[in-house]
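Given next are the chains, with one letter for each unit.
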Amino acid sequence: MTNPEDLISSKNGTVSVTVHKNHLKDGESSYAKVVRDTADEGNIIADILEHDKTFSKGQLLHFSIAYRESALRLYAKGFAVSLLNLGTVYHYAPTSSGEKDEAGNPIIKRFGVGFTPSDILKEANDSVELKEMKKEETNPEILSITDRSTGLSDFTLHIGKPVHIKGNRLKLAGENCGVRFAKVSEDGSYTLDGALLIKVEKVYVNEPKSLEFLIPDGFSEGKYRIVISTASGRGSSVNKTMRHYVSDEITLMA
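Note that this is a predicted model, so its numbers are computed, not measured.

(A) Structural detail: the sheet that holds strand β12 (residues 203-207). Pairing is antiparallel in the open sheet, where four strands are placed in the order β7-β9-β13-β12. Where the open sheet ends on each side, the last strands, each with one partner, are β7 (141-147) and β12. Direction aside, neighbouring strands of the sheet carry axes that sit 15° apart on average. Sheet topology note: the strand β9 (residues 162-168)/strand β13 (residues 210-214) ladder contains five bridges and is antiparallel. For I165, the partnering residue across the bridge sits in β13 and is L211.

(B) Broad picture of the sheet that holds strand β3 (residues 81-82). With antiparallel pairing, three strands are arranged side by side in an open sheet as β3-β4-β5. The sheet terminates laterally at β3 and β5 (112-117), the two strands that pair on one side only.

(C) How the structure looks around the nonpolar core. In terms of nonpolar packing, the biggest core is built from 21 residues, with I165, V179, F181 and I226 touching the most fellow members. Of all elements in the fold, only β7, β9, β10 (178-183), β13, β14 (222-232) and β15 (238-253) reach the threshold of two or more residues within this core. The dominant element in this core, judged by the number of residues it contributes, is β14, at three residues. Once residues lying within four places of it in the same chain are set aside, the contact partners of V179 are L172, I198, K199, V200, V203, L211, F213, I226, V227 and I228.

(D) Region of interest: helix α3 (residues 57-76). Between its first and last C-alpha, α3 extends 29 Å over 20 residues, near the 28 Å set by a 1.5 Å rise per residue. For α3, the set of buried residues is L60, S64, A71 and Y75. Along the axis of α3, the buried residues cluster in a sector spanning 40°; they form a single face. Facing away from the buried surface of α3 by more than 90 degrees, the exposed residues are H62, R73 and A76. Tucked inside the fold, the buried residues of α3 contact α2 (41-51), β3, β4 (87-92) and β5. Positive backbone phi, approximately 110°, marks G78, located one or two places after α3.

(E) Layout of the packing of aromatic side chains. Applying the stated criterion across every chain yields a total of five aromatic pairs. Taking 6.3 Å as the distance between ring centres and 80° as the angle between the ring planes, the aromatic pair formed by F181 and F213 counts as edge-to-face. With F181 in strand β10 and F213 in strand β13, this residue pair connects regions lying 32 residues apart in the sequence. Among the residues examined, F181 registers a relative accessible area of 0% and is labelled buried. For F213, a relative accessible area of 0% corresponds to the buried category. Between F181 and Y224 the ring centres are 5.9 Å apart and the planes differ by 80°, which places this aromatic pair in the edge-to-face class. Here the residue F181 occupies a position in strand β10, and Y224 occupies one in strand β14, the gap between them amounting to 43 residues. Judged by relative accessible area, which is 1%, Y224 ranks as buried. Grouping aromatic residues by their ring pairs yields a cluster made of F181, F213, F219 and Y224.

Quick notes on the rules
Residues numbered from 1 in each chain as written. Predicted model: local features only at pLDDT ≥ 70, side-chain atom pairs only at ≥ 80, totals over all residues. Heavy atoms only, no water. Pairing = 2+ DSSP bridges. Helix = DSSP H or I, 4+ residues; strand = E, 2+ residues; numbered from the N terminus. Axes fitted to C-alpha atoms, helices over the stretch in contact; angles between N-to-C directions. Core = buried A, V, L, I, M, F, W, Y, C linked by side-chain atoms within 4.5 Å. Buried < 20%, exposed > 50% of the residue type's maximum accessible area, 1.4 Å probe, protein only. Contact = heavy atoms within 4.5 Å. Expected span 1.5 Å × (residues − 1). Arc of directions from axis to C-beta. Phe/Tyr/Trp six-rings, centres within 6.5 Å; stacked < 30°, edge-to-face > 60°.

Okay, here's the thing in structure tokens:
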């Protein structure tokens, strides 16, 4: 978890944007999304304490809880609520589903939640600049490798034992997809030549964020890198291009 003070100091009035392919339209249509770094209650309190020593951390925390509870009570009573003059949260009637009551009026089963930013919030927004714009990441990504027999994610795995890989865009799909091991030489070099890679034949959990498999008994001890190859696309689609991810070095033990 990021320390509140560290998150504040890491920001400098800029935001990053990723460009995503619009899969609902044909061709090269795309859309942009801002990469969010959310300042929560702890970050706000840390920022106040840095600029104003009038209140203690405990007092600010107590006020934030009391303010939130009061705002929710008033909103639940049917009020639109101004949130510290940053904007107003309000109820709105959603688009009718076509259902009507006996009098012919549209049936509203549930109100939506709307928000209108204030002028001072819009002014703060105008001061933010674009840091970078990049295409969305489409390659598989490994975040952690865990030996199920020990519960450890310390880059040490055991032959014949189950392994859990956590990450993004991991689901295996397409011809020649799979989990493979590349042997690392004493000088740290390795090859991605398919003929020299050792493939795991059975992957029993194959999901976008999770892979699980047993390391076959035929493996020898030593240093390896895990290679993920997949052409999995959005939803159940399969891309034409095979994409790869090479892990950090792991140690394989008996």
